[in-house]
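Per-entry structural report
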Amino acid sequence: DPRGSRIIQWTDLSPVCCGIVNMSFPLSDQPVFGEWLIFAETQGHIFNKSFSVQKYVLPKFELRLTPPPYIWDINVCEKGKVNARYTFEKPVSGMLTINMTVTGVGYYRHEIGHQVLKTMEIYGSGMFDICAKDMMPVDFSEHFRGTVNIWATVTAVDGSKQVTFDDTTLVQKQLIDIKYSKDTRKQFKPGLPYQGKVS
């Protein structure tokens, strides 16, 4: 425990499968707070890992991020919304920071776009622009498919802070999306002609 006391020890453990041993140790209802350590010894080597035990504190307010479902035109800015309310529904007053980028896959490689940072005052809710063009990677290909990664941070006037993340907004260069059904997936070969249907 954080005081350096040995709480429990297992010896002569045998793996159930594939070199994995699964053990558990329930903490008491009044544990010692701080950094705990786990030591494992195998084949003459000792490894350790730490974890923190802290008192759970309920968040002072709830933060919800509502982005658009997709970016249909990279050259057009879409709107996102942030709601920050206390558990008793009072709006949160403070500062909102939005950190955004685009990640995705091009034809040959994984792409990471530019970071866009916005800061504004918030009272209960706030709207912000999502301009994919400002975040797109340099020289991204026609085959680019990805998502907008958004981190929203609200710091209330009382100093409390909440952070939320969303990566559900789809963005792609081509507006046509092709999906292969189960009955045609095995027959499709890149570069060869194929038949399909528009739905």
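Because the structure is a prediction, the values reported are computed rather than measured.

About the cut-offs
- Residues numbered from 1 in each chain as written.
- Predicted model: local features only at pLDDT ≥ 70, side-chain atom pairs only at ≥ 80, totals over all residues.
- Heavy atoms only, no water.
- Helix = DSSP H or I, 4+ residues; strand = E, 2+ residues; numbered from the N terminus.
- Buried < 20%, exposed > 50% of the residue type's maximum accessible area, 1.4 Å probe, protein only.
- pLDDT = per-residue confidence, 0-100.
- Disulfide = S-S within 2.5 Å.
- Phe/Tyr/Trp six-rings, centres within 6.5 Å; stacked < 30°, edge-to-face > 60°.

1. A short note on unusual backbone geometry
Phi is positive for Asp12, which is not a glycine, with a value near 50°. Structurally, Asp12 can be placed in the segment before strand 1 (34-42). Since its relative accessible area comes to 76%, Asp12 is described here as exposed. Although it is not a glycine, Gln43 adopts a positive phi angle of roughly 50°. By the secondary structure assignment, Gln43 is in the loop between strand 1 and strand 2 (45-53). Taking relative accessible area as the criterion, Gln43 reaches 77% and is therefore assigned exposed.

2. Some words on the confidence of the model for the chain
Counting all residues, the mean pLDDT for the chain is 85, and 84% of those residues have values of 70 or more. At the low end of the mean pLDDT range in the chain sits helix 2 (residues 182-185), at 66; at the high end sits strand 8 (residues 116-123), at 96.

3. Observations regarding the environment of Phe140
Take Phe140: it is sitting in the loop between helix 1 (132-135) and strand 10 (145-156). Residue Phe140 is classed as partly exposed on the basis of its relative accessible area, which comes to 23%. In this structure, the C-alpha to C-alpha distance between Phe140 and Ile112, residues 28 residues apart in sequence, is 9.7 Å.

4. Some points on the state of the cysteines
Overall, the coordinates contain one disulfide when judged by the stated rule. Cys77 shares a disulfide with Cys131; S-S distance 2.0 Å. What sets the handedness of the Cys77 and Cys131 disulfide is the S-S torsion sign, and at about 110° it is right-handed. Note that Cys77 is positioned in the loop between strand 4 (70-71) and strand 5 (78-86) and Cys131 in the loop between strand 9 (125-130) and helix 1, a separation of 54 residues in sequence. Given the relative accessible area of 14%, Cys131 is considered buried.

5. With respect to the packing of aromatic side chains
A full pass over the atoms with the stated rule returns four aromatic pairs. Seen in terms of ring centroids, Phe61 and Tyr86 are 6.0 Å apart; in terms of plane orientation they differ by 80°. Their pairing is edge-to-face. With Phe61 in strand 3 (residues 61-66) and Tyr86 in strand 5, this residue pair connects regions lying 25 residues apart in the sequence. A single burial state applies to Phe61 and to Tyr86, both of which are buried.

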